[in-house]
Amino acid sequence: MIVKVRGVLLRFTDYENEIEIGGATVRAGLTGLTERYPRLREVLLDREGTVRPTHLIALNGERLTRGELDREATEDDRVDIVTAISGG
């Protein structure tokens, strides 16, 4: 699968925004991503390994809930990670 990283998370992936990752599910892909970029784990996942609520995960443009991260993903699928930014 291709994981697209944007915004503030880019600094944790050495500014790579399209990263090819193996894995049979979205969750496995995210695990592989955080293994490749260990500093990303601290901001993407909480202590239990769950995606923090400030991040939206989408599979081929469809937003996934945290309960849907075990959905199957192939090498042709795209996973987007979008981070909510607040401020004024």
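You'll find the structure just up there.
Source: prediction; values computed, not measured. (Residues numbered from 1 in each chain as written. Predicted model: local features only at pLDDT ≥ 70, side-chain atom pairs only at ≥ 80, totals over all residues. Heavy atoms only, no water.)

## A short note on the sheet that holds strand E3 (residues 55-59)
- Taken in spatial order, the five strands line up as E2-E1-E5-E3-E4 in an open sheet, and their pairing is mixed. In this open sheet, the two strands that pair with only one neighbour each are strand E2 (18-20) and strand E4 (62-64). Adjacent strand axes in the sheet meet at a mean angle of 30 degrees, parallel and antiparallel pairs treated alike.
- As defined by bridge partners, strand E1 (residues 2-5) adjoins strand E5 (residues 78-83) across four bridges and the pair is classed as parallel. Bridged to Ile 2 within E5 is Arg 78. (Pairing = 2+ DSSP bridges. Helix = DSSP H or I, 4+ residues; strand = E, 2+ residues; numbered from the N terminus. Axes fitted to C-alpha atoms, helices over the stretch in contact; angles between N-to-C directions.)

## What about the side chain of Lys 4?
- Among the secondary structure elements, Lys 4 is positioned in strand E1.
- Beyond its immediate sequence surroundings of up to four residues, Lys 4 is in contact with Asn 17, Glu 18, Arg 78, Val 79, Asp 80 and Ile 81. (Contact = heavy atoms within 4.5 Å.)

## Considerations on the pairing of E1
- Direction of pairing for E1 relative to E2: antiparallel, over a ladder of three bridges. From the neighbouring strand, Ile 2 faces E2, where its bridge partner is Glu 20.

## Looking at the pattern of salt bridges
- In total, this model carries five salt bridges according to the counting rule given.
- The salt bridge partner of Lys 4 is Glu 18, with a shortest N-O separation of 2.8 Å. Within this pair, whereas Lys 4 is found in strand E1, its partner Glu 18 is found in strand E2, the two being separated by 14 residues in sequence.
- Residue Lys 4 is classed as buried on the basis of its relative accessible area, which comes to 18%.
- Between Asp 80 and Arg 78 there is a salt bridge, and its shortest N-O distance comes to 2.8 Å.
- On the basis of relative accessible area, Asp 80 is assigned to the buried category, the value being 5%.
- When salt bridges that share partners are traced, they join Arg 6, Arg 78 and Asp 80 into one network. (Salt bridge = Lys/Arg side-chain N within 4 Å of Asp/Glu carboxyl O. Buried < 20%, exposed > 50% of the residue type's maximum accessible area, 1.4 Å probe, protein only.)

## Quick word on helix H1 (residues 26-36)
- Buried residues of H1: Val 26, Gly 29, Leu 30, Leu 33 and Thr 34, and no others. All buried residues of H1 fall inside an arc of 135 degrees around its axis, so they share one side.
- Contacts made by the buried residues of H1 are with E1, E2, helix H2 (38-44), E3, E4 and E5. (Arc of directions from axis to C-beta.)

## Re the environment of Leu 45
- Looking at where Leu 45 falls in the secondary structure, it is placed in the loop between H2 and E3.
- Looking at Leu 45, the relative accessible area reads 8%, which means it is buried.
- Taking the C-alpha atoms as reference points, Leu 45 and Arg 66, 21 residues apart in sequence, are found 11 Å from one another.
- Excluding residues within four positions of it along the chain, Leu 45 makes contact with Thr 34, Thr 50, Val 51 and Arg 52.

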